[in-house]
Amino acid sequence: MNRIDADLLHALGELDEALAVLDGDTLVALNAPMQALAPGEPGQASADWAASVLGLATALEAPLGARQRCGVSGEYLAQRVALDARHVLLRLTDERARLHHLQRQLDDREGLLFTSRSLTVSEMGSVLAHELNQPIGATANLLRGLKLRLSRRHPDSTDELAALDKAVQQVTYASQIIGRVREYTQSRQPKTEPLDLVELVHQSLGLLDWDLQREAVQLHLRLPLAPVMVQGDAVMLQQVLINLLRNALDALRLDRPAEPVIEIELQADGPRAELRVADNGPGITPQTEARLFLPFSSTKPNGMGLGLSICRSLIEMHQGRLWFSRRDMGGCCFHFALPLPVAAPQPTLEKTT
């Protein structure tokens, strides 16, 4: 054990782990990362030394090989490994970077869910405003016609004519309210900023990694080696891609093939970049295809039928196009195309599976 000294621990510390050697209840040596986390001196009682880190003293009493969190927020992971009959190596791993990454991922998922609900409410408000304005307008016209006929036949019916005037005013007021709601729901315009569609695909897949792993879906990616830059709103476009991927997952879950596959292909061809999301699920019928982008039309048992309608609206807000095509080998393929900046380079494709 004389060979296990500070120099060796410092070398091991290059692995970004804080290390200390303990001999029973005594601290033998510690490397620089450990000294920064829990300052101590060789020969010091391990219990006294461990008191500087919350929970570390308890971790020292855990069985060999067991991992135990310590620190104020559990940001460190402690593990003891036997070196010989007397000496134990303590490894203290800083988990803050990983926890920060997980928290960012959870925040991204929460933000995506909030955006999805906001867009759904917005689309629903717009559709309802459009649909309700038609019967309200017809009602106002009927009331005006009824007032005109009544005034001709019974010009002295002042109470009835006044009541019809008030009815027309109320109907007009309701129409104005709906108009304001529609104007509000349509007021969100995309933020025009440069974004990389290749990076957008990877970020979206990162948000769905749990779903993809749970369903054991194979991903076939054909993405350019170079960035494909477009002008648009990253949140809106990510919402479109996430929706298309979730639809593919739902299709594969509904009628699972032997080897479920989702294919994502991105091409920059001429003035537009085209992204394709395809699956080898059961596909859809011609009747369903005819209503595919209509609001409140859904093939899912609990679906609201707004997902693809919202996606199409968002893509059209970016001066793009969203459409559907059938695959020869079965399944669905959704495409959306967005305008490329002038004189954008044509990237080389790589194929990964």
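Up top you'll find the structure we're talking about.
Residues numbered from 1 in each chain as written. Predicted model: local features only at pLDDT ≥ 70, side-chain atom pairs only at ≥ 80, totals over all residues. Heavy atoms only, no water.

Draft legend 1. How the structure looks around the overall build of the chain. A count of helices and strands for the chain gives 11 helices and 13 strands. Scored against the burial criterion, the 353 residues of the chain give a buried share of 41%. Just so you have it, the chain exposes about 20400 Å², and 54% of that area is on carbon and sulfur atoms. (Helix = DSSP H or I, 4+ residues; strand = E, 2+ residues; numbered from the N terminus. Buried < 20%, exposed > 50% of the residue type's maximum accessible area, 1.4 Å probe, protein only. Areas by Shrake-Rupley, 256 points an atom, 1.4 Å probe, with all protein chains shown as cover.)

Draft legend 2. Focus on the packing of aromatic side chains. Enumeration over the complete set of coordinates arrives at 1 aromatic pair. Judged by centre distance (5.2 Å) and plane angle (55 degrees), the rings of Phe-324 and Phe-334 are tilted. Taken together, the residues span a long stretch of sequence, with Phe-324 in strand 11 (residues 321-326) and Phe-334 in strand 12 (residues 332-339) at a distance of 10 residues. Looking at Phe-324, the relative accessible area reads 11%, which means it is buried. The aromatic ring of Trp-323 is capped on one face by Arg-321, whose charged end is 3.8 Å from the ring centroid. (Phe/Tyr/Trp six-rings, centres within 6.5 Å; stacked < 30°, edge-to-face > 60°. Lys NZ or Arg CZ within 6 Å of the ring centre and 35° of its normal.)

Draft legend 3. Broad picture of helix 7 (residues 197-207). Residues of helix 7 that are buried include every one of Leu-197, Val-198, Leu-200, Val-201, Ser-204, Leu-205 and Leu-207, and no others. Measuring from the backbone nitrogen of Val-198 back to the side-chain oxygen at the start of helix 7 gives 3.0 Å, which picks out Asp-196 as the cap. (Polar contact = N/O pair within 3.5 Å; in protein donor to acceptor, adjacent residues only side chain to side chain.)

Draft legend 4. Layout of the nonpolar core. By size, the foremost hydrophobic cluster in this structure holds 45 residues, and its most contacted members are Leu-197, Val-228, Leu-244, Leu-245, Ile-262, Ile-264 and Phe-336. The set of elements that each furnish at least two residues to this core consists of helix 7, strand 7 (218-224), helix 9 (234-254), strand 9 (261-269), strand 10 (272-279), helix 11 (307-317), strand 11 and strand 12. Grouped together as the second largest cluster of nonpolar side chains are 18 residues, Trp-49, Leu-60, Cys-70 and Tyr-76 included. (Core = buried A, V, L, I, M, F, W, Y, C linked by side-chain atoms within 4.5 Å.)

Draft legend 5. Spatial organisation of helix 9. In a regular helix each residue adds 1.5 Å, so 21 residues correspond to 30 Å; helix 9 covers 30 Å between its end C-alpha atoms and thus fits that length. Across the 21 residues that make up helix 9, a large majority, 15, are buried. By the N-cap criterion, in which a side-chain oxygen at the helix start approaches the backbone nitrogen of a residue two or three places on, helix 9 is capped by Asp-233, the distance to Met-236 being 3.2 Å. (Expected span 1.5 Å × (residues − 1).)

Draft legend 6. Seen up close, unusual backbone geometry. A positive phi is found at Ala-216, a non-glycine position, where the angle reads about 50 degrees. Judged by relative accessible area, Ala-216 falls into the partly exposed class, the value being 46%. One non-glycine residue with positive phi stands out, namely Gln-319, at about 60 degrees. Following the sequence through the fold, Gln-319 ends up in the loop between helix 11 and strand 11.

Draft legend 7. Examining the environment of Arg-80 more closely. Take Arg-80: it is sitting in strand 4 (residues 76-82). The sequence separation of Arg-80 and Gln-68 amounts to 12 residues, and the corresponding C-alpha distance is 9.7 Å. Once residues within four sequence positions are removed from consideration, Arg-80 is found in contact with Ala-59, Leu-60, Glu-61, Ala-62, Pro-63, Leu-64, Gly-65, Ala-66, Val-88, Leu-89 and Leu-90. A polar contact of 2.6 Å, which involves the side chain of Arg-80, links it to the backbone oxygen of Ala-62. (Contact = heavy atoms within 4.5 Å.)

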